[in-house]
Amino acid sequence: MPVQCSSCGQNRAALKRPKTGHSLCRSCFFWAFEEEVHHTIVSGRLFSRGETVGIGASGGKDSTVLAHVLKVLNERYDYGLKLLLLSVDEGITGYRDDSLETVKRNQQQYDLPLKIVSYEELYGWTMDAIVKQVGLKNNCTFCGVFRRQALDRGAMMLNVDKICTGHNADDVAETVLMNVLRGDIARLRRCTAISTASDGEGAIPRCKPLKYAYEKEIVLYAYFKKLDYFSTECIYSPNAYRGHARTFLKDLEAVRPSAIMDVIHSGENLSVREGVKMPVQGTCSRCGYISSQALGLPKLGIGKHHRLHGKILAQQPLTQEEERKLKAVDF
Amino acid sequence: MCEVDEENSGCLQSRSVPGVCKMCVKCKENTAVLIIRVGDAFCRSCFKEYFVHKFRAMLGKNRVIFPGEKVLLTVSGGAASSSMLAQVQEGLGRDAPKKLRFIPAIIYIDEGGVCGQDPEEREETVAQLETIFRKTGFPYHIISLEQVFSLPSSVLEPVPGGARQPGGDYKAAVDQYIQQSKLKQKRGEASVEEAQDSLTHLNIYSPPSPEHTQTLQRLFSTLKTLTAKEDLLQTLRQHLILHTARTHGYSKVMMGDSCTRLAIKLLTNISLGRGASLAADTGFSDSRYGDVVVVRPMRDYSSKEITFYNRLFGVESVFTPSLDTKAPDKASIQRLTESFIIKLQADFPSTVSTIYRTSEKLHTASSPQNSSAEPSAKCLLCLCAADTKAEEASAFQATLLSERLSVGKAQSDPAHSNPASSNPASSNPAGSCCQEQGCGAGGCCSTSRIPAPTDLKTLLCYSCRLTIKDLITVEALPHYITSEAEKRQRRAQMKEEIGEFLLDEDEDAE
């Protein structure tokens, strides 16, 4: 039996919205989806007229949809934004090189300027080389830290005012759950913010216009719009612990579809008791980039690193035992 | 992101297989009988000491329960609450070095009516529990869930908290208590007599009438999901406990939530959108009801410790089925979260304690202790501060918008839209019949004599709205809820009408 669109009441419904359960026709779904992103942008005051906005583009579904929707909305509501695509080449053969091809096609399809910054050119290391050194475990730590800075550096090269990323509602909800499971109160407080504080020096504010868009709706949107995107997981070990949170969230969504929004709502309404120690955002004493410690030393092995950090800072020679501690564990 | 992996793989590596006959780490004399955490093997007597001390320490540290205060212990028959009962008994015992000095009573809520027990089974359970309760010598109340239908609507009225500051006050209260008991001893009155005296005020259990059970079952059958059923059951149970505590003058209610249970509850509440009241729901003390404060003295024990204690020291517990007994893992959010945490705990032994410690760092955003808050600012069901006056850019507003957009243009045919999932007030952006706009004598109000789910929604917090959304008809709700809802609505309407003459818009200013 054909179902009618619950919004226009005229066309045949083409899909059931994962977010609300309503049946909608294609055009009503497109309209609702875009309208919601518009509302997120307006109510969150994400952009102001005349700004240059860099869209973090990986070639995946989220960033492809983000680029598409932003371009549409920028024209429809006359935001007066200058949009451009910003990609990071981590140097992962068989993954990033393919996805960057997609980004390059997107550049032509949407007619937006594209900038690619690579780990190799910024740091002299590709992820392939890093994995060769540290193995498959913990390499995400490097990649994450590197990418954060790479996006900022790319944005600075292009004189971008704001960066927006394709994080969707599922990602945000998953991060809330992750941070509860890890007891990371500082991130728990920050992770639901729609944009990062813009007062930090040197850091370009970031925002998530798709924060309230369900991952499933993003896929539906890309599917019906026939958008060109790349869908492959990174070849270097998906994070096991995040995987637990992800599975749990998907199960929650299956039980009650609104659960994703409910988790975000919870995250938005949490607040931290006074007197709980919070890391202070500072800058790295060596390179000047934002860091929670004096020297942005990554945590590599097991155990207490505070003592080691002191030694490294003072450039004292490390004992063999300490060297070993700094290395990642092999199993 | 990978740090957790690192730490946990560390645990896994350093975990050594415990020797068969290890010595107790504490006294180093006796053979250990159990391992609490990695590497901590305890002998029987040291474990007892450790367990008992934890309970006293929890109460002593928080200084919430005053000497001589009447405290209601909620006992479900399960391991944790039975253990709590045993601890209180032990603490009040004459030979205890640091005697607890409050006056306890027990309450058991018989939920058999909705949890699939037939009347015979219910009576049997009650009889088993009564035997346990009698042994303690404490007065007890056995109340069936069916009694929610005779609750007065005053249960839901917010009571300003007797904001007694812990600390200095506590000391004064202790001194006063000691003096009083000295006086009593002079007069030859023993506190035992007092306890026995109160035994006469027993609430004798009377089995609920089949009609009431049916009404209750009808209420639960109108809820479409197990998640909502569990949520409502919890709310109703809480109301019954609150009412009993108020009518009998208990100013504290002790709940037996263990650390494991609280971790599950915390994650469940996050998943249910209850983030705003997380601290109240999982903290040591919860003062949302004002005059009655809920305390959770068992929150430092893991369920494993409790089970071991009960087994080693013969603490009796009674199994009662709950709504999700025998339900599959994905039957409800509560059930799903429970199995998720328990499975994760098996792989990562620090899961529960990490989550539990997270809860200690939280406090509620909109402080419910704020006694000046208007009654309407509190949720009708869970009595927490309503969290729906969120700013424009919020998940709540985004959800409302999604619903509005999905039914947007079809408002010409309201019968067409699904009444359960679409909210008429929000599907009419034009606002011809919005509650907020107080349509007064408008023709559209002719149907709203009985509060529709929509009307009820405006009085609820985010999460309770979700529960009520799963309710097919509000008519099945107990009378005290609907009548209090009507009362609040009338008041809101009244305020609307006289709105322009009010100079001080204190409510909106908040």
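- Looking up chain B in an unreviewed UniProt entry gives the name Cytoplasmic tRNA 2-thiolation protein 2, with the organism given as Astyanax mexicanus.
- The record held by UniProt for chain B lists under Subcellular location (unreviewed entry) the comment "Cytoplasm".

- In the nomenclature of an unreviewed UniProt entry, chain A is known as Cytoplasmic tRNA 2-thiolation protein 1 of Astyanax mexicanus.
- The UniProt entry for chain A carries this comment under Pathway (unreviewed entry): "tRNA modification; 5-methoxycarbonylmethyl-2-thiouridine-tRNA biosynthesis."

**Brief notes about the overall build of chain A**
In step 1: Within chain A one finds 13 helices and 10 strands.
In step 2: Looking at the 331 residues of chain A, the share that counts as buried comes to 54%.
In step 3: Restricting the contact set of chain A to residue pairs at least 6 apart, pairs at least 24 apart contribute 68%.
In step 4: Accessible area for chain A stands at about 15,500 Å²; split by element, carbon and sulfur atoms hold 51% of it.

**Examining the packing of helix H2 (residues 44-62) of chain B against helix H3 (residues 79-92) of chain B**
Residues and elements named next belong to chain B.
In step 1: Two elements in contact, H2 and H3, have axes whose closest approach is 10 Å; the angle formed by their N-to-C orientations is 85°. Put simply, H2 runs roughly perpendicular to H3. Residues Lys 48, Phe 51, Val 52, Phe 55 and Arg 56 of H2 form the contact with H3, whose participating residues are Ser 83, Met 84, Gln 87, Val 88, Glu 90 and Gly 91.
In step 2: When its residues are assigned to classes, the contact of H2 with H3 shows 5 nonpolar, 3 polar and 3 charged.

**Details of the pattern of salt bridges**
In step 1: Applying the stated criterion across every chain yields a total of 51 salt bridges over all chains.
In step 2: Notably, a salt bridge pairs Glu35(A) with Arg76(A), separated by 3.8 Å at the nearest N-O pair. Here Glu35(A) is found in helix H1 (residues 26-43), whereas its partner Arg76(A) is found in helix H2 (residues 61-76), with 41 residues between them in sequence.
In step 3: With relative accessibility at 15%, the residue Glu35(A) sits in the buried group.
In step 4: Taking the relative accessible area as the measure of exposure, Arg76(A) reaches 40% and is therefore partly exposed.
In step 5: Ionic pairing is found between Arg134(B) and Glu130(B), a salt bridge with its closest N-O pair at 3.9 Å. Of this pair, Arg134(B) and Glu130(B) both sit in helix H4 (residues 119-136), 4 residues apart, roughly one helical turn.
In step 6: Of the residues examined, Glu130(B) reaches a relative accessible area of 16% and is grouped as buried.
In step 7: Residues joined in a network through salt bridges with shared partners are Asp257(B), Lys265(B), Asp281(B), Asp286(B), Arg288(B) and Arg296(B).

**Focus: the side chain of Thr227(B)**
In step 1: Following the sequence through the fold, Thr227(B) ends up in helix H8 (residues 226-247).
In step 2: The buried category is assigned to Thr227(B), whose relative accessible area is 2%.
In step 3: In contact with Thr227(B), other than residues within four places in its own chain, are Val255(A), Arg256(A), Leu272(B), Ser332(B), Ile333(B) and Gln334(B).

**Here we look at H3(B)**
Residue and element names in this part refer to chain B.
In step 1: For H3, with 14 residues, the first-to-last C-alpha span of 20 Å sits near the 20 Å given by 1.5 Å per residue.
In step 2: Of all 14 residues that make up H3, 11 are buried, and the element is covered over most of its length.
In step 3: Those residues of H3 that fall on the buried side of the exposure criterion are Ala 80, Ser 81, Ser 82, Ser 83, Met 84, Leu 85, Ala 86, Gln 87, Val 88, Gly 91 and Leu 92.
In step 4: On the buried face of H3, the contacting elements are H2, strand S3 (70-74), strand S4 (103-110), H4, strand S6 (252-254) and helix H11 (303-312).

**Comments concerning the UniProt feature "binding site: ATP" (unreviewed entry) in chain A**
Residue and element names in this part refer to chain A.
In step 1: In this numbering, the UniProt entry assigns the feature "binding site: ATP" (unreviewed entry) to Gly 56, Ala 57, Ser 58, Asp 62, Val 88, Gly 166 and Asp 171.
In step 2: Take Ser 58: it is sitting in the loop between strand S3 (52-56) and H2.
In step 3: Not counting residues up to four positions away in its chain, the partners in contact with Ser 58 are Ser 63, Arg 96, Ser 99 and Val 103.
In step 4: Examined against the element boundaries, Asp 62 turns out to sit in helix H2.
In step 5: Beyond its immediate stretch of four places on either side in the chain, Asp 62 contacts Gly 166, Asn 168, Asp 171, Leu 210 and Ile 218.
In step 6: In this structure the side chain of Asp 62 is engaged in a polar contact, spanning 3.4 Å, whose partner is the side chain of Lys 61.

**A look at the packing of helix H7 (residues 169-182) of chain A against helix H10 (residues 240-255) of chain A**
Residue and element names in this part refer to chain A.
In step 1: The contact between H7 and H10 brings their axes to 9 Å, and the two run at 120°. Between H7 and H10, the angle is such that the two are oblique. For the crossing formed where H7 meets H10, the hand is right-handed. On the side of H7, the interface is formed by Asp 170, Asp 171, Ala 173, Glu 174, Thr 175, Leu 177, Met 178, Leu 181 and Arg 182, while H10 contributes Tyr 241, Arg 242, Ala 245, Arg 246, Phe 248, Leu 249, Lys 250, Leu 252 and Glu 253.
In step 2: The residue inventory of the contact of H7 with H10, partitioned by class, reads 9 nonpolar, 1 polar and 8 charged.

**Remarks on the environment of Tyr289(B)**
Residue and element names in this part refer to chain B.
In step 1: Along the chain, Tyr 289 turns up in the loop between strand S7 (285-286) and strand S8 (293-295).
In step 2: Look at Tyr 289 and you get buried, because its relative accessible area is 6%.
In step 3: Residues Tyr 289 and Arg 299 lie 10 residues apart in sequence; the distance between their C-alpha atoms is 20 Å.

Thresholds, definitions, all that
- Residues numbered from 1 in each chain as written.
- Chains lettered and ligands numbered in written order.
- Predicted model: local features only at pLDDT ≥ 70, side-chain atom pairs only at ≥ 80, totals over all residues.
- Heavy atoms only, no water.
- UniProt positions renumbered as here; feature names shortened; annotations may be inferred.
- Helix = DSSP H or I, 4+ residues; strand = E, 2+ residues; numbered from the N terminus.
- Buried < 20%, exposed > 50% of the residue type's maximum accessible area, 1.4 Å probe, protein only.
- Contact = heavy atoms within 4.5 Å.
- Areas by Shrake-Rupley, 256 points an atom, 1.4 Å probe, with all protein chains shown as cover.
- Axes fitted to C-alpha atoms, helices over the stretch in contact; angles between N-to-C directions.
- Parallel < 35°, antiparallel > 145°, perpendicular 65-115°, else oblique.
- Nonpolar A, V, L, I, M, F, W, Y, C, P; charged D, E, K, R; others polar.
- Salt bridge = Lys/Arg side-chain N within 4 Å of Asp/Glu carboxyl O.
- Expected span 1.5 Å × (residues − 1).
- Polar contact = N/O pair within 3.5 Å; in protein donor to acceptor, adjacent residues only side chain to side chain.
- Left-handed = near helix turned anticlockwise from the far one by under 90°.

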